[in-house]
Amino acid sequence: MPRGRSGPGAVVSRHDKPLSELSWRRAMLEMIRSNLRRRAGRTGLTAVGVAVGVTTVVALLAVTTGLARSAGDLARLGQADFGVFQSGLADLTASSLPESALSRIESQPGVAAVAPIQIVARAIPADPSVLLFGAGTPSFLTRRLVLVSGTAPRGAQLFAGVGAAQRLHLRPGDRLVVSGRALEVAGIYRSGISLEDAGVVLPLAITQQLSGKPGELSMVAVSVAPGYGNRQVEAEIEHAVPGTLALSDPSEVARVDTNSRIITKAGTIITILALLLGAVVVINTMAMAVIERRREFGVLTAIGWSRRRIGGLILGEMLAISLAGAAAGLGLGALASDLVVRALGAGPFVSPVVSPWVLGRGLLVGLALGVAGTLFCVWQVMRLPLLAAINRA
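A quick note: this is a predicted structure, and the numbers were derived from the prediction, not measured. Along each chain, residue indices are assigned from 1 in the same order as the chain's sequence is written. Residues qualify for local features only when their pLDDT is at least 70, as the model is predicted, and side-chain atom pairs are given and counted only at 80 or more; totals for whole chains, interfaces and linings, by contrast, use all residues. Just so you know, side-chain values use all the structure's heavy atoms and leave hydrogens and water out.

**Student:** I'm lost on the overall build of the chain in this one. Help?
**Tutor:** The number of helices and strands found in the chain is 14 helices and twelve strands. The buried label applies to any residue whose accessible area, calculated with a 1.4 Å probe on protein chains only, is under 20% of its type's maximum; exposed applies above 50%, and partly exposed to all values in between. Each of the 393 residues in the chain was classed as buried or not, and the buried ones make up 45%. Residue contacts follow a heavy-atom distance rule, with two residues in contact if any of their heavy atoms lie within 4.5 Å. The long-range fraction of contacts in the chain, counting pairs at least 24 apart against all pairs at least 6 apart in sequence, stands at 78%. Accessible surface is estimated by sampling points in the Shrake-Rupley manner with a 1.4 Å probe; for residues, cover comes only from the protein chains shown. As displayed, the chain has an accessible area near 19200 Å², and 61% of this comes from carbon and sulfur atoms. Secondary structure elements follow DSSP: runs of H or I no shorter than four residues count as helices, runs of E no shorter than two count as strands, and numbering proceeds from the N terminus.

**Student:** What should I look at first to understand the nonpolar core in this one?
**Tutor:** Soluble globular proteins: nonpolar side chains tend toward being buried together. One finds Val-54, Trp-305, Ile-310 and Ile-314 to be the most contacted residues of the largest nonpolar core, which totals 27 residues. Among the elements of the structure, α1 (21–38), α2 (40–75), α10 (258–292), α11 (294–302), α12 (307–343) and α13 (356–383) are those that each provide at least two residues to this core. Setting aside residues up to four positions removed in sequence, Val-54 forms contacts with Ala-326, Gly-329, Leu-330, Gly-362, Val-365 and Gly-366. To form a nonpolar core, buried Ala, Val, Leu, Ile, Met, Phe, Trp, Tyr and Cys residues must be joined to one another through side-chain atoms within 4.5 Å.

**Student:** How do you make sense of the confidence of the model for the chain when you look at a structure like this?
**Tutor:** The predicted coordinates of low-pLDDT regions are not to be read in fine detail. The predictor's confidence in any single residue is recorded as pLDDT, a number from 0 to 100. Per-residue pLDDT for the chain has a mean of 81; in total, 84% of the residues score no lower than 70. Across residues 1–17, where pLDDT falls below 50, the model places 15 contacts with residues more than four positions away in sequence or in other chains.

**Student:** I tried to follow unusual backbone geometry on my own but got confused; where do I start?
**Tutor:** Excluding glycine, a negative phi dihedral is what most residues carry, and trans is how most peptide bonds are arranged. Looking along the chain, the bond that leaves Thr-137 and enters Pro-138 is cis, with omega of -5 degrees. Its place among the elements puts Pro-138 in the loop between β4 (132–135) and α4 (140–143). Backbone geometry at His-169 places phi at a positive 55 degrees, although glycine is not the residue there. Along the chain, the position of His-169 falls in the loop between α5 (162–168) and β7 (175–178).

**Student:** Help me understand the pairing of strand β6 (residues 158–161) in this model?
**Tutor:** Within a regular strand, the side chains alternate between the two sheet faces. Residue alternation in β6 divides its side chains into two sets, Leu-158 and Ala-160 and Phe-159 and Gly-161, and both sets are buried. In short, DSSP must find at least two bridges between two strands for them to pair. Examined bridge by bridge, β6 and strand β8 (residues 181–190) share four bridges and lie parallel to one another. Looking at the pairing, Leu-158 lines up with Val-185 of β8. Where β6 and strand β9 (residues 200–203) come together, two bridges link them in antiparallel fashion. Within the sheet, the bridge partner assigned to Ala-160 lies in β9 and is Val-200.

**Student:** When you look at the pairing of strand β1 (residues 82–86) in this model, what are you seeing that I'm missing?
**Tutor:** Counting buried residues along β1, four of its five residues qualify, which places the element largely inside the surrounding structure. As judged from the three bridges shared by β1 and strand β11 (residues 219–224), these two strands associate in the antiparallel manner. For Phe-82, the partnering residue across the bridge sits in β11 and is Val-222. Looking at chain direction, β1 and strand β12 (residues 244–247) are connected through four bridges and run antiparallel. If you follow Gln-86 over to β12, its bridge partner there is Thr-244.

**Student:** Can you help me understand the packing of aromatic side chains in this one?
**Tutor:** Pairing of aromatic rings covers Phe, Tyr and Trp, the last counted by its six-membered ring, and requires centre-to-centre distances within 6.5 Å; plane angles under 30 degrees mean stacked, over 60 mean edge-to-face, and any other angle means tilted. What the rule picks out here adds up to two aromatic pairs. A centroid spacing of 5.9 Å and a plane angle of 45 degrees characterise the contact between Phe-376 and Trp-379, whose relative ring orientation is tilted. Here Phe-376 and its partner Trp-379 are both found in helix α13, three residues apart, which amounts to about one turn of the helix. A residue is classified by how much of its surface remains accessible, and Trp-379, at 48% relative accessible area, is partly exposed.

**Student:** Whenever I open this one, the environment of Gln-79 confuses me. Can you help?
**Tutor:** Position of Gln-79 relative to the elements: it lies in the loop between α2 and β1. Counting along the chain gives 117 residues from Gln-79 to Glu-196, while the straight-line C-alpha distance between them is 9.8 Å.

In structure tokens:
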């Protein structure tokens, strides 16, 4: 029998049967690989646009998440259930409470123990970013510090966190200048709280003397007795001691701390700008691609490709480009988050959190940029007279 066609311009196999759906997909995959290799410059530029958006999103999400965690750590110093601060402040580290408030807080129902703490910034010339914690002795804060090396401090000896010891290259027996006074490092501790591990601990009375603020506290860490809820005890303390603010939830701390909110909002604005830049690069590159490939699309139409299949070809190419750009952006974003923290000198305060949720949102951004480019291209293809483009090209 003579060979025939199932329709005008249909692609047939050697057995005179139209290509199966599986064969179409194989042919399309081969064309996608070929097109990406053949147009390496455009492929790379589009992937860069995707990577820019993903890198920015991952880096800023990692930093802001780490910032929120650090703010929460401030309220959990000494593994406390919550912390009591001066109310109405933009920066909780600037909190100032009279030492007389300690007895009133301790006397409230549901309070099992309290730990008075004074936080002093820029007290260590060797690294001003390392915080000095003045802790009441004895208190549950000092009892919960786990000795890693050396001995427990006595008198005016220092207790250095593992993070601070690594940053300042400290070992037991070394001396560290604190507010103009050289003090011996008795031991190295670990608490399990990153902010606390990045600082050094001294007895409260000595810290108050060095800072020139006798009788002043930055916060009171509170341990709640069994059978009581944090919210209940927090409300009692705020009522009994006017001018105080009790915080336990990290999200509450980040919301109250104005500096945290400003950084978070700035990160959101930068993220939006980066996404717009990435979208402009992707859409502009893909728009140029459609113009350059009008003849190719016209030929595909002439041999039986529908606009739907051409749209599928574009979608496959963009999906591959988006995944490549997103993969690069995820890696670069993780590196960039660490570089941002180091550049700001905030290493002791903030540890970037590159969690699966952060990476997942970065991947979604990459795919979203790819979809935006695909929709724009498909819209252009639907408008073009593809068959006429053969003669025009």
